[in-house]
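# Structural features, examined
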Amino acid sequence: STRHCPWKMNQLPPKSPVASPVSESTNSRGEALDNLSMDSFWLEVENIKQSTEAEQEECSLADVKTQEEGEAEAEWLQDAGLSELLGDAGSDKDNLVLLSTLTRTQAAAVQRRLDTYSRSRRRRNKHPVRDVRDIFGVAGSEDTATEKEQSSPDPLWHSLWTSSTQRKTQDYSCTVRNPGKEEVFNMDVAYSEQAAVLLKGSFLSESRKLKDGNALTRFKIPKGRLGLTRIGDLSAQDMKKIPTLAFIELTALCDSLGFELKRNKAAKLKTTEKRLFGVPLNTLLENDQKLLPNTKVPLLLQALLSCLEKRGLETEGILRVSGSQTRIKSLEQKLERDFYSGLFRWDEVHQNDVSGLLKRFIRELPAPLLTAEYLPAFAAVQNIPDLKQRLQALNLLILILPESNRNTLKALLEFLSKVVARENNNKMNLWNVSTVMAPNLFMHKGLPNKIPEGKEKQLAEGAADVVRMMIHYQDLLWTVSSFLVAQVRKLNESNNKRYQFCDKRIKNLLRKIHADKDKVEKNQGEPSKIVKVHASLLLKDSLEVHLNNATKVADVLRQFQKNLCQNGWNIVNTVNLLKCNNSMDCTNLLLYEVGGNIGEHCLDPDTYLLDLYHINPHAEWIIKQNPSYPRMF
């Protein structure tokens, strides 16, 4: 049964026959969902409706105008950092180095949109834009998809295509999922490249029966020689490059799967004079950082989650059982008045009222936590027939989110995982939590209604499934794929070379570049290498490390710890290195790769350092204290 929704969710419809497995798998999933209760979802919708009936008139919905042909493509190229291709002479030409990092499917996605934009410009008799053949070197800009497949690959990505996708096809071949069993999740090859290979072979649509969390497929990310990179391991400078790369890759993945990536425009809502509820995330964080610098999650949200973790995790029906709407509105007013002064008494608030405040805080954000722009894409993940590809799309969407939204979402999902972990006491399993939270994440008063009649149940179930995937697979989703890190390195290398050629002393620099190139080629053939590891904040001395094919980051940290204890090095700051028993704690230390073709990169303990040296020979390696490690003073 369906209920009336105050606001509707957005859908991303399939656009191509290639996506035909969607309907079959959706039907099989719908049959399985008959055994899973959606009562919590519709109850939550009714609670939202009751709590906002008096406020409906205050919301002004944004009118979405139909874009003319070429407008969406122009907007896409601008968002992808490729506005130079539109013939904008005033744009930043440095963005063109992005083209040199693209894979085959990513280049095809750019080419497809540039072709559409070029045709629209010609029809309107405007000035011609750059021919796509000048960019990618293909036979023609208006070839069919089949002709593009058969054309010779561009040198920019030919080596990556032949060496990666053909060699590793067996690593990600599509099979019917086995719930509860472990499967490999490949992050070395671009997801769109993997999808393109799968579409050439037999495509087995999976029977997606939604079961309890314990029966969900377990995925393992195989660690390559360079280890894994989590969100937060890269510097802010390098992380700024990730959303653009992820956006292009998501578009290429959708193209491969036969979906059209549509985005909303942010709704214009009336400004509020409140300080907490209904305030943009960035504004909240700016205010909070005046009190506590480096705050990444709004202090109010931290307080709500902390209160629930202390007193609400064991409460039966937490999140599902609604608190009193009258009390919740009264508490909201008290928080607006007393939160920053520290006078608000959390110990006097009932747990169900706190959970109501938590959900109200999320709903009242002027823009959805998943952003108005990409909310349709999050909702549309349910239409992808293969679980692994659904997770690939979610991983890219997480990377595209603004940092404030991503950090806030992670804090929320970590809390929801703790709720699920206490299922035996609070009677809230993974599906219960997902159905309760889905309306709060996917319904927003600032977005227009777009759901056809009779589709509410299907989309509600799909939204709950997306929330369940984000909760259950959050460790995987907060990993930066190796192929994206490699593209960041290429971007940095291209930018560095561009600046070098602008230098007046070009002859000396060219000589140095050739010398460095010869040095790198020589190093790549060396089976071992002696390097220096610095720890300037901890020691006045550096550590010489002999690298071989088996040397890992963890080995260097252990060697560093051993020398500290045995050799009596001149320690600058011992307090942060000592545990309570005065012994050195290696878990308090991290090794960073700094400079060269990366800004700053916190290394996985399982990274093989000789391989990393060959990829980035000009970087420095620095040992630092773990910023999240509790201090002893």
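This structure is a prediction, so every number in the text was calculated from the model and none was measured. (Residues numbered from 1 in each chain as written. Predicted model: local features only at pLDDT ≥ 70, side-chain atom pairs only at ≥ 80, totals over all residues. Heavy atoms only, no water.)

Relative to the assigned elements, Glu193 resides in helix H8 (residues 191-200). For Glu193, which is buried and forms no salt bridge, the nearest opposite charge comes from Arg104, at a distance of 5.9 Å. Within the structure, the side chain of Glu193 is placed 2.8 Å from the backbone nitrogen of Arg104, a separation counted as a polar contact. (Helix = DSSP H or I, 4+ residues; strand = E, 2+ residues; numbered from the N terminus. Buried < 20%, exposed > 50% of the residue type's maximum accessible area, 1.4 Å probe, protein only. Lys, Arg positive; Asp, Glu negative; His and termini not counted. Salt bridge = Lys/Arg side-chain N within 4 Å of Asp/Glu carboxyl O. Polar contact = N/O pair within 3.5 Å; in protein donor to acceptor, adjacent residues only side chain to side chain.)

To continue, consider the pairing of strand S6 (residues 543-547). Judged by which residues are buried, S6 turns out to be one-sided: Leu543, Val545 and Leu547 face inward and are buried, whereas Glu544 and His546, on the alternate face, are not. Taken together, the five bridges between strand S5 (residues 529-534) and S6 define a ladder with antiparallel strand orientation. Paired with Lys532 across the two strands is Glu544, which belongs to S6. (Pairing = 2+ DSSP bridges.)

Okay, the nonpolar core next. By size, the foremost hydrophobic cluster in this structure holds 128 residues, and its most contacted members are Leu319, Phe378, Leu391, Phe442 and Met470. The contacts of Phe378, once residues within four sequence positions are left out, are Leu370, Leu394, Leu397, Ile398, Leu401, Phe442, Val466 and Met470. Within the second largest apolar cluster, 21 residues are counted, among which are Val545, Leu547, Leu564 and Leu612. (Core = buried A, V, L, I, M, F, W, Y, C linked by side-chain atoms within 4.5 Å. Contact = heavy atoms within 4.5 Å.)

Turning our eyes to something else, we now look at helix H19 (residues 430-442). Since the α-helix turns once every 3.6 residues, residues separated by three or four places project in the same direction. When the terminal C-alpha atoms of H19 are compared, their 17 Å separation across 13 residues agrees well with the 18 Å that a helix rising 1.5 Å per residue should span. Along H19, the sharpest kink reaches roughly 30°, centred on Val436 and followed within four residues by the proline Pro439. Of all 13 residues in H19, 13 are buried, a share of seventy percent or more. One side-chain oxygen of the residue at the start of H19 lies 3.1 Å from the amide nitrogen of Trp431, identifying that residue as Asn429. (Expected span 1.5 Å × (residues − 1). Bend = angle between axes of the 7 residues up to and from the residue.)

Turning our attention to the sheet that holds strand S8 (residues 598-602). The five strands are arranged S6-S5-S9-S7-S8 in an open sheet whose pairing can be described as mixed. Of all the strands in the sheet, just S6 and S8 have a single pairing partner and so form its edges. Strand-to-strand twist in this sheet, taken as the mean axis angle between neighbours without regard to direction, amounts to 30°. As paired strands, S5 and strand S9 (residues 620-625) are joined by two bridges and run parallel to one another. Directly across from His534, in S9, lies its bridge partner Ile622. (Axes fitted to C-alpha atoms, helices over the stretch in contact; angles between N-to-C directions.)

So yeah, pure geometry; function would need other evidence.
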